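Structure assessment
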Amino acid sequence: MRVFQNVQDIGPLGQALQEAFEIKKDRYKYQQLGKNRTALLIFFNNSLRTRLSTQKAALNLGMNVIVLDVNQGAWKLETERGVIMDGDKSEHLLEAIPVMGSYCDLIGVRSFATFANRKDDYEEKVLNQFIRYSGKPVFFMESATVHPLQSFADLITIEEYKKKARPKVVLTWAPHPKALPQAVPNSFAQWMNAADVDFVITHPEGYELDSVFAGNARVEYDQLKAFEGADFIYAKNWSCPGVTRPEAYGQVLSKDMSWTVDAAHMAVTDNAYFMHCLPVRRGMIVTDDVIESPQSLVIPEAANREISATVVLKRMLQAL
Ligand code: AN0
Ligand code: CP
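Residues numbered from 1 in each chain as written. Chains lettered and ligands numbered in written order. Predicted model: local features only at pLDDT ≥ 70, side-chain atom pairs only at ≥ 80, totals over all residues. Heavy atoms only, no water.

**Some points on the overall build of the protein chain**
Within the protein chain, the secondary structure is distributed over 12 helices and 12 strands. The C-alpha radius of gyration computed for the protein chain amounts to 20 Å, which stays within 12% of the reference 20 Å derived for 320 residues, consistent with globular compactness. Each principal axis of the C-alpha atoms in the protein chain carries an extent, and together these give about 55 × 50 × 35 Å. Buried positions account for 55% of the 320 residues belonging to the protein chain. Between the averaged position of the 35 positive side-chain charges in the protein chain and that of its 38 negative side-chain charges there is a distance of 5 Å. (Helix = DSSP H or I, 4+ residues; strand = E, 2+ residues; numbered from the N terminus. Rg over C-alpha atoms; globule rule 2.2 N^0.38 Å. Buried < 20%, exposed > 50% of the residue type's maximum accessible area, 1.4 Å probe, protein only. Lys, Arg positive; Asp, Glu negative; His and termini not counted. Charge placed at Lys NZ, Arg CZ, Asp CG, Glu CD.)

**Focus: the packing of helix H1 (residues 13–25) against helix H6 (residues 148–161)**
Helix-helix packing is characterised by the crossing angle of the two axes and by the distance between the axes. Contact pair H1 / H6: the axes reach a minimum separation of 11 Å and the direction vectors enclose 80°. Comparing the axis directions of H1 and H6 gives the class roughly perpendicular. For the pair formed by H1 and H6, the contact residues are Leu-13, Ala-16, Leu-17, Ala-20, Phe-21 and Lys-24 on the first element and Phe-152, Leu-155, Ile-156, Glu-159 and Glu-160 on the second. Here the contact of H1 with H6 is composed, by residue class, of eight nonpolar, no polar and three charged. (Axes fitted to C-alpha atoms, helices over the stretch in contact; angles between N-to-C directions. Parallel < 35°, antiparallel > 145°, perpendicular 65-115°, else oblique. Contact = heavy atoms within 4.5 Å. Nonpolar A, V, L, I, M, F, W, Y, C, P; charged D, E, K, R; others polar.)

**Overview of the site of ligand 2**
The local shell around ligand 2 consists of Ser-47, Leu-48, Arg-49, Thr-50, Arg-110, His-147, Gln-150, Cys-277, Leu-278 and Arg-305. His-147 has a polar side-chain atom sitting 2.8 Å from an oxygen atom of ligand 2. One of the side-chain nitrogen or oxygen atoms of Arg-305 is found 3.0 Å away from an oxygen atom of ligand 2. In isolation ligand 2 exposes 260 Å². Once the protein is present, 93% of that is buried. When grouped by side-chain class, the residues that make up the shell around ligand 2 number three nonpolar, four polar and three charged. (Near = heavy atom within 4 Å. Polar contact = N/O pair within 3.5 Å; in protein donor to acceptor, adjacent residues only side chain to side chain. Areas by Shrake-Rupley, 256 points an atom, 1.4 Å probe, with all protein chains shown as cover.)

**Let's talk about helix H2 (residues 49–60)**
The first and last C-alpha atoms of H2 sit 16 Å apart over 12 residues, in line with the 16 Å expected at 1.5 Å per residue. Of all the residues in H2, the buried ones are Arg-49, Thr-50, Arg-51, Ser-53, Thr-54, Ala-57, Ala-58 and Asn-60. In the core, the buried residues of H2 are packed alongside strand E2 (38–43), strand E3 (64–69), strand E6 (106–110), strand E7 (138–140), H6 and helix H12 (298–318). (Expected span 1.5 Å × (residues − 1).)

**Here's the deal with the site of ligand 1**
Taken together, Phe-112, Glu-142, His-147, Leu-180, Pro-181, Lys-236, Cys-277 and Leu-278 make up all the residues around ligand 1. At a separation of 2.6 Å, an oxygen atom of ligand 1 approaches a polar side-chain atom of Glu-142. One of the side-chain N or O atoms of Lys-236 is found 2.7 Å from an oxygen atom in ligand 1. Within the complex, 82% of the 330 Å² of free accessible area of ligand 1 lies under protein. Grouping the amino acids of the shell around ligand 1 by side-chain chemistry returns five nonpolar, one polar and two charged.

**Focus: the packing of H6 against helix H7 (residues 183–194)**
Between H6 and H7, the shortest axis-to-axis distance is 9 Å and the interhelical angle comes to 45°. With respect to their mutual orientation, H6 and H7 come out oblique. In the crossing of H6 with H7, the sense of the turn from one axis to the other is right-handed. Residues Pro-148, Ser-151, Phe-152, Asp-154, Leu-155 and Ile-158 of H6 pack against Ser-187, Phe-188, Trp-191 and Met-192 of H7. (Left-handed = near helix turned anticlockwise from the far one by under 90°.)

**Points about the sheet that holds E6**
Across the sheet, five strands lie side by side as E1-E7-E6-E2-E3; this open sheet has parallel pairing. On the outer flanks of this sheet lie strand E1 (3–4) and E3, each paired with one strand and no other. Here E1 runs beside E7; their pairing, made up of two bridges, is parallel. Along E7, the bridge assignment pairs Val-3 with Val-138. (Pairing = 2+ DSSP bridges.)

**Describing the environment of Ile-156**
With respect to the helices and strands, Ile-156 occurs in helix H6. Not counting chain neighbours up to four residues away, the residues in contact with Ile-156 comprise Leu-17, Ala-20, Phe-21, Asn-304, Ile-307 and Ser-308.

**Examining the environment of Leu-278**
Looking at the secondary structure, you find Leu-278 in the loop between strand E12 (273–275) and helix H11 (288–291). Exposure remark for Leu-278: the relative accessible area of 15% places this residue in the buried category. For the pair formed by Leu-278 and Leu-48, sequence separation is 230 residues and the distance between their alpha carbons is 9.3 Å. In this view, Leu-278 contacts Arg-49, Val-298 and Ala-302; residues no more than four positions away in its chain are not counted.

**Some remarks on the pairing of strand E8 (residues 168–173)**
Across the six residues that make up E8, a large majority, six, are buried. Burial along E8 is two-sided: Lys-168, Val-170 and Thr-172 facing one way and Val-169, Leu-171 and Trp-173 facing the other are all buried. Read as a crossover between parallel neighbours, the route from E8 over H7 to strand E9 (residues 198–202) is right-handed. (Right-handed = clockwise from strand over helix to strand, strands pointing away.)

**Topic: unusual backbone geometry**
With an omega of 5°, the peptide bond between Leu-278 and Pro-279 qualifies as cis. With respect to the element layout, Pro-279 can be found in the loop between E12 and H11. Its identity is not glycine, yet Phe-115 carries a phi of approximately 65°, on the positive side. Turning to its location among the elements, Phe-115 is positioned in the loop between E6 and helix H4 (118–122). The backbone of Leu-278 shows a phi angle near 65°, a positive value even though the residue is not glycine.

So this is what it looks like as structure tokens:
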């Protein structure tokens, strides 16, 4: 595996899950694989889980790890080619990327959507430059459009907790004060479409996800109807994806608090588990009682980020 971006990159999901459970039983099983190999993790945006779980995964595999917060201590980077760099940006990505590539064997990058331009975001302008110019395998740690390490961890969690062969999984939009990326719901939809689950998406009008990720997934605009009989509720806020409302790309279209996941919502499900990738805003996305209930999987879900990252880095090391 040279690039980890989409669900297809990991191959058959049954095999990927088997490897995940093998690693969960013995997370140091492949400790020799990463000897004298270095993972470089580059963050253009904040992170708690991705930063820690991916470092832990690299350590599980016996790798060395370097972490760079680009906006704290590195030179400010220009990303556009052809500009006269007379502003506050001291270095261009086109030099910085091959330099970073020269110090490592694998590169992970976190670079969120800027919402300045939908085309640039959806073409993955920043991550594609890393793929093209670093000379090293690149794994996405949440890009402009996807967050595959999260979705893989979500899939592992659903596999561990499901009580039916084909559970009903509902991705629900929920309110948030700020404009958030579409990467988490995009990837979750892509992975759930590839998995053997009954998948439903619910959101207010205007929040339609790009069909590249949502595929033919069922969309139900009535949130309570979508929740009926659900086995897993996966909550997330996202900003306008600009599909049905191109002019509103990246904007907050609704703060409708009737979409907050509370006990009344959970009551119409089939005793569903509650999931969220975290960080989560209590009182906006979900009520305290739901996130603290025995049905809440947010902590085991976050713990599985170490497992998904270990499988992905292992695959990349094996392909070097
Ligand atoms: C980010 C997002 O919504 O994509 C990261 C989630 C893993 N969340 C925030 O910026 C709050
Ligand atoms: N879920 C997730 O990726 O969290 P961080 O933003 O803290 O890494």
